Amino acid sequence: MPAESVNILAIESSCDDTAAAVLCDGKIRANIIAGQEVHRMYGGVIPELAGRAHQSNILPVVQQALAQAGLAANELSAIAFTRGPGLMGSLLVGAGFAKGLAIALNKPLIGIDHLHAHVSAVFIEHDPIPKPMLCLLVSGGHTQLIWVDEHHNMELIGSTLDDAAGEALDKAAKMLGLPYPGGPFIDRLSREGRPDAHTFSTARLPDYQFSFSGMKTSLLYFLKAQVPGFAEQYLPDICASFQEQVVQYLLKVTRKAIVNLKPASIALSGGVSANSRLRETFVEMGAEFGLPTCIPSFEYCTDNAAMIAMAGYLAYQRKDFCGLDVMPYARQPSGDGAFL
Ligand code: KG4
Ligand code: ZN
């Protein structure tokens, strides 16, 4: 008798994107995302508005995902949702919806860590991949180096002491008068600029730690010292230089971890891995070390539910289910090298 298929519905609502995905036997069959334009005029995400928008988007997004996958709700094996970290008001909408569905369908519920899912995004298109794998996770809220073993267990080996890489790019963009989120605008403008036009200070830290606050402050003082109109006139050069410094710094710390820990493969994930310069240089670094190098497609880099579905599928195989009393968390629980 053929084995029964495993169909996972996943919901992601940690910040300002409402997303749902369906994964059938390890393959993504639907990946739907509804963004929230409402925050753009404020130059950042307004938590209250994000929660309200999730509430109106979640049902149509889930229905669309099921329709695209050609699956009825009663054919689902389990419901996975983002447990945290993220905005509590946003997480509660996804968690509440997932719980309701799990009760109505009498299916297991799987709570997924958002950062764990960003790393799991790598396995959507690249599995099996040689392990141990070293993953550089760069998003708007986190910059981490994660060690992944043969059983997909993850250990945090380094992180940022202050700003995340995406946050530094977004704040730099704001200083330069660019819209929010500024990372993609810096990426685009940098293509016409000189990466060696300016230098900004970078932190030297022990182990595999990162810090971006000094680089950001260095840009602020640089801009303050210029004559009016300078930033507008030389915007591509400033963007390209700042971006290059962020990218080279990320690579420098990652390179140190490769040399010391000798992984069998390397991967890049999180929203900032959509950055064209980072993608290009990360692949070059992989080639330099002769290591298999994995970077998810764009649609799986920024926040999406396909990555929650993949992490949910791995958890389903381990029967790692949660009770209906499960609570979301705004911050990732910390501990000795712990990573959920
Ligand atoms: O993973 P993500 O979608 O959300 C979080 O979990 O934070 O990452 C969002 C971050 C933002 O800081 C955004 O500016 C950045 O990813 N980002 C980029 C690019 N696309 C998105 N940064 C640089 N270049 C890009 N092309
Ligand atoms: Zn994210």
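For clarity, every value in this text was computed on a predicted model and none was experimentally measured. (Residues numbered from 1 in each chain as written. Chains lettered and ligands numbered in written order. Predicted model: local features only at pLDDT ≥ 70, side-chain atom pairs only at ≥ 80, totals over all residues. Heavy atoms only, no water.)

(A) The arrangement of the sheet that holds strand E6 (residues 133-138) in detail. Pairing is mixed across the open sheet formed by five strands, whose spatial order is E8-E7-E6-E9-E10. With one partner strand each, in any of the chains shown, strand E8 (154-159) and strand E10 (293-294) form the two edges of the open sheet. Pairing between strand E9 (residues 265-269) and E10: two bridges, direction parallel. Note on E10: the bridge partner recorded for Ile266 is Thr293. (Pairing = 2+ DSSP bridges. Helix = DSSP H or I, 4+ residues; strand = E, 2+ residues; numbered from the N terminus.)

(B) Structural context of the pattern of salt bridges. Throughout the structure, instances matching the rule amount to 10 salt bridges. Residue Asp237 pairs with Arg194 through a salt bridge whose shortest N-O separation is 3.8 Å. Of this pair, Asp237 sits in helix H9 (residues 235-261) while Arg194 sits in the loop between helix H6 (183-190) and helix H7 (213-224), and the two are 43 residues apart along the sequence. The partner of Arg255 in a salt bridge is Glu288, with the nearest N and O atoms 3.1 Å apart. (Salt bridge = Lys/Arg side-chain N within 4 Å of Asp/Glu carboxyl O.)

(C) The arrangement of the domain arrangement of the protein in detail. Here the protein is partitioned into domain 1 (7-120 + 301-330) and domain 2 (129-295). Here the C-alpha centre of domain 2 lies 27 Å away from the C-alpha centre of domain 1. Every contact between the two is made by 13 residues of domain 1 and, on the other side, 20 residues of domain 2. A combined buried area of about 1,300 Å² lies between domain 1 and domain 2, and 71% of that area is made up of carbon and sulfur atoms. Seen at the junction of domain 1 and domain 2, the total is two residue pairs in polar contact (both at pLDDT 80 or more). The biggest single contributor to the side of domain 1 that touches domain 2 is helix H3 (residues 114-120), with five residues. A class-by-class count of the residues in the side of domain 1 that touches domain 2 yields six nonpolar, six polar and one charged. (Domains from an automatic or database assignment. Contact = heavy atoms within 4.5 Å. Buried area = accessible area lost by both parts, 1.4 Å probe. Polar contact = N/O pair within 3.5 Å; in protein donor to acceptor, adjacent residues only side chain to side chain. Nonpolar A, V, L, I, M, F, W, Y, C, P; charged D, E, K, R; others polar.)

(D) Local environment of the coordination of the zinc ion (ligand 2). In the first shell of the zinc ion (ligand 2), the protein supplies His114 (NE2), His118 (NE2) and Asp303 (OD), at 2.0 to 2.2 Å from the metal. Within one chain, the residues donating to the zinc ion (ligand 2) are spaced in sequence as H-x3-H-x184-D. Residue His118 is located in helix H3, and its partner Asp303 is located in the loop between helix H11 (298-301) and helix H12 (306-317); the two are separated by 185 residues in the primary sequence. (Donors = N, O, S within 2.8 Å, 3.2 Å for Na, K, Ca; no water.)

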